[in-house]
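For reference, the chains in residue letters:
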Amino acid sequence: MSLITSLSRYACICGAVLMALTGVMLTYEVVARYFFIRPTIWAAELSQLCLIWGCLLAMAHLLTLRRHITVNAVTGLLPPGAQKVCAGIALVVVIVFSVIVTVYGFDIFYTSFERGRTTGSLLNLPVWISELSVPLGFGLLTLQAGVELIRLKGSDTTSLGATHE
């Protein structure tokens, strides 16, 4: 379990670096385009790629940190035991959904990889580079949700989200 959590943490760090790179690339593009009238052919596409990978790599660790959005207006009124059951049900739903997205996402990635699909842009990058982020991100989320489900039993946690009272 600690291996999966560590892997999630490192993936989140990579995601944060990719988000920072997105900001740098877009800032460079704005400066190049509006101050020097020399737009790039790479900044928009690579920043989109970094944004996709950054978001999907961070999902699993954000679940550990309880930073996913939750609506607990009703469950917050329940006793702690019932709240824990609701959190368990929510984790099972996350696992089922993530497994489905991982399986279908891998199929889409593999089809693009086999056929050699490209973006059709000036960079003409292979599409599978962005599509691979879906099965990897959701596969890691599946594993981390499983870890959180196991941990839920022995913890005092009653919610999957952060409190913002």
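See the structure printed just above.
So, here is what we can say about the structure in this document.

The rules behind the values
Residues numbered from 1 in each chain as written. Predicted model: local features only at pLDDT ≥ 70, side-chain atom pairs only at ≥ 80, totals over all residues. Heavy atoms only, no water. Salt bridge = Lys/Arg side-chain N within 4 Å of Asp/Glu carboxyl O. Helix = DSSP H or I, 4+ residues; strand = E, 2+ residues; numbered from the N terminus. Buried < 20%, exposed > 50% of the residue type's maximum accessible area, 1.4 Å probe, protein only. Contact = heavy atoms within 4.5 Å. Phe/Tyr/Trp six-rings, centres within 6.5 Å; stacked < 30°, edge-to-face > 60°. Lys NZ or Arg CZ within 6 Å of the ring centre and 35° of its normal.

### Points about the pattern of salt bridges
And then number 1: Counted under the stated rule, the structure contains three salt bridges.
And then number 2: Residue glutamate 29 is joined to arginine 33 by a salt bridge in which the shortest nitrogen-to-oxygen separation is 2.7 Å. Of the two residues, glutamate 29 and arginine 33 are both situated in helix α1 (residues 2-34); the distance of four residues between them amounts to about one turn of the helix.
And then number 3: For glutamate 148, the salt bridge is made with arginine 151, and the minimal N-O distance between the two is 3.3 Å. Taken as a pair, glutamate 148 and arginine 151 lie in helix α5 (residues 133-153) at a separation of three residues, close to a single helical turn.
And then number 4: For glutamate 148, a relative accessible area of 4% gives the class buried.

### Quick notes on the side chain of histidine 61
And then number 1: Within the secondary structure, histidine 61 sits in helix α2 (residues 43-64).
And then number 2: By relative accessible area, which is 10% here, histidine 61 ends up buried.
And then number 3: If near-sequence neighbours (up to four positions away) are discounted, histidine 61 is found in contact with Ser8, Arg9 and Cys12.

### What to know about the packing of aromatic side chains
And then number 1: Applying the stated criterion across every chain, the model contains seven aromatic pairs.
And then number 2: Consider the rings of phenylalanine 97 and phenylalanine 138, whose centres lie 6.1 Å apart with planes at 75 degrees: the pair is edge-to-face. Highlighted residues: phenylalanine 97 in helix α3 (residues 80-115) and phenylalanine 138 in helix α5, separated in sequence by 41 residues.
And then number 3: Look at phenylalanine 97 and you get partly exposed, because its relative accessible area is 48%.
And then number 4: Grouping aromatic residues by their ring pairs yields a cluster made of Phe106, Phe109, Tyr110, Phe113 and Trp128.
And then number 5: The ring of tyrosine 10 is capped by arginine 9, whose NZ or CZ atom sits 5.7 Å from the centre of that ring.

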